[in-house]
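Residue-level listing of the chains:
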Amino acid sequence: MALSRTITVPYRHIFAIGDVHGQARKLRELLDEIPCDLSEDLLILLGDYIDRGPGSRYVVEMILDLQRQSDRVICLRGNHEQMFLDFIRGADPLIYLFNGGRATLESYGYEEDEEERYRVFVPFSHISFFDSLPYWVETDRYIFVHAGIRPGVPMNEQSEEDLLWIRHEFIFSYSGLNKKIIFGHTPFYEPLVMEDKIGIDTGAGYGRKLTCLQLPEEVFYFAW
């Protein structure tokens, strides 16, 4: 069973942020803009904090600082965090590097030997952060997940691969759940708003905007 979490604390608003992909400046500007009060609200980040953009290390440090301030900051695992963990533990480096991973190596600093083995200078606190990330969380009204879910499969039977990687089978099917799903992973030029789901990856990792969704009002904030 994939690591998950049920949020039971009362909240006024939820602010959900899509895939950051190393865009530290955009994340800082977005956090400065949104009217999030962590004494009453929840802040949920949907994964893919690293890779592609130049500031992966600084994005993680920013998030860890927020978590030290409040236990109402909840972070999900994205496929890029999983690829990074696999990479530093010996997986084929080409898979990770071809998916934007070299930007993360450069952000942390690294050494490469003659046999193309990599040593990345990642603080232990950052590794612990990546290892601790749940695959999905839910509240009374919403399910938050990085990529989506397999339609027709109960949440407690979802595969970790689907939660991190699924796209079209999820997006173009009705979830059948009684909660709206908030997800990232698949980039859109504008947020995707459907009856049963909202997608908020708007391509920050490709030079486009970073998006935050305020719930339950379904108000959007952007940083370019």
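Everything discussed here concerns the structure shown above.
A few points on the structure. (Residues numbered from 1 in each chain as written. Predicted model: local features only at pLDDT ≥ 70, side-chain atom pairs only at ≥ 80, totals over all residues. Heavy atoms only, no water.)

1. Quick word on the overall build of the protein chain
Scanning the protein chain from terminus to terminus reveals 7 helices and 13 strands. Expected size for 224 residues packed as a compact globule is a radius of gyration near 17 Å; at 17 Å, the protein chain falls within 12% of this value. Burial statistics for the protein chain: of 224 residues in total, 56% are counted as buried. Looking at the protein chain alone, contacts between residues at least 24 apart form 63% of all its contacts between residues at least 6 apart. Entry remark: accessible area of the protein chain is about 10,100 Å², with carbon and sulfur atoms responsible for 50%. Taking the average place of the 22 positive charges on the side chains of the protein chain and the average place of its 36 negative ones, the gap between the two points comes to 3 Å. (Helix = DSSP H or I, 4+ residues; strand = E, 2+ residues; numbered from the N terminus. Rg over C-alpha atoms; globule rule 2.2 N^0.38 Å. Buried < 20%, exposed > 50% of the residue type's maximum accessible area, 1.4 Å probe, protein only. Contact = heavy atoms within 4.5 Å. Areas by Shrake-Rupley, 256 points an atom, 1.4 Å probe, with all protein chains shown as cover. Lys, Arg positive; Asp, Glu negative; His and termini not counted. Charge placed at Lys NZ, Arg CZ, Asp CG, Glu CD.)

2. Some words on the packing of helix 2 (residues 56–69) against helix 5 (residues 124–132)
For the pair helix 2 and helix 5, interaxial distance at closest approach is 11 Å and the crossing angle is 75°. On the basis of their axis angle, the class for helix 2 and helix 5 is roughly perpendicular. Within the contact between the two elements, helix 2 uses Arg57, Val60, Glu61, Ile63, Leu64 and Gln67 and helix 5 uses Ser125, His126, Phe129 and Phe130. (Axes fitted to C-alpha atoms, helices over the stretch in contact; angles between N-to-C directions. Parallel < 35°, antiparallel > 145°, perpendicular 65-115°, else oblique.)

3. Some remarks on the nonpolar core
Among the nonpolar cores identified, the biggest contains 40 residues, and Ile17 and Leu27 are the most heavily contacted of them. Here this core gets 6 residues from one element, more than from any other, and that element is helix 2. Setting aside anything within four residues of it in sequence, one finds Leu27 in contact with Ile17, Val20, Leu45, Val59, Met62, Ile63 and Leu210. Counting 16 residues, the second-largest nonpolar core is a separate cluster that includes Ala16, Val137, Tyr142 and Leu215. (Core = buried A, V, L, I, M, F, W, Y, C linked by side-chain atoms within 4.5 Å.)

4. Quick look at the side chain of Gln82
When you line up the elements, Gln82 lands in helix 3 (residues 79–88). Polar side-chain contacts of Gln82 include one of 3.4 Å to the side chain of Tyr135. Look past the residues within four positions of Gln82 in its chain and what remains in contact with it is Arg77, Tyr135 and Leu164. (Polar contact = N/O pair within 3.5 Å; in protein donor to acceptor, adjacent residues only side chain to side chain.)

5. Side note on helix 5
Every buried residue of helix 5 is listed here: His126, Ile127, Phe129 and Phe130. Buried positions in helix 5, seen along its axis, are confined to an arc of 155° and lie on one side of it. Close packing links the buried residues of helix 5 with helix 2, strand 4 (73–75), helix 3 and helix 4 (93–108). (Arc of directions from axis to C-beta.)

6. Side note on the packing of aromatic side chains
Enumeration according to the criterion identifies 13 aromatic pairs in this entry. With 6.1 Å between their ring centres and 10° between their planes, Phe84 and Tyr108 make a pair best called stacked. Placement of Phe84 in helix 3 and of Tyr108 in helix 4 is noted, with a sequence separation of 24 residues between them. Judged by centre distance (6.0 Å) and plane angle (40°), the ring pair of Tyr110 and Tyr118 falls under tilted. The class for Tyr110 is partly exposed, based on a relative accessible area of 27%. Among the aromatic residues, ring-to-ring pairing joins Tyr49, Phe84, Phe87, Tyr96, Tyr108, Tyr110, Tyr118, Phe129 and Phe130 into one connected group. Above the plane of the ring of Phe170 lies Lys197, whose end atom (NZ or CZ) is 5.0 Å from the centre. Sitting over the face of the ring of Tyr189, Arg208 holds its NZ or CZ atom 4.1 Å from the ring centroid. (Phe/Tyr/Trp six-rings, centres within 6.5 Å; stacked < 30°, edge-to-face > 60°. Lys NZ or Arg CZ within 6 Å of the ring centre and 35° of its normal.)

7. With respect to the sheet that holds strand 10 (residues 192–193)
The strand order across the open sheet formed by 6 strands is 1-7-8-9-11-10, and the pairing between neighbours is mixed. The open sheet is flanked by strand 1 (4–6) and strand 10, the only strands paired with a single partner. With 3 bridges connecting them, strand 1 and strand 7 (residues 136–138) associate as parallel partners. Residue pairing for strand 7: Thr6 is matched across the bridge by Glu138. (Pairing = 2+ DSSP bridges.)

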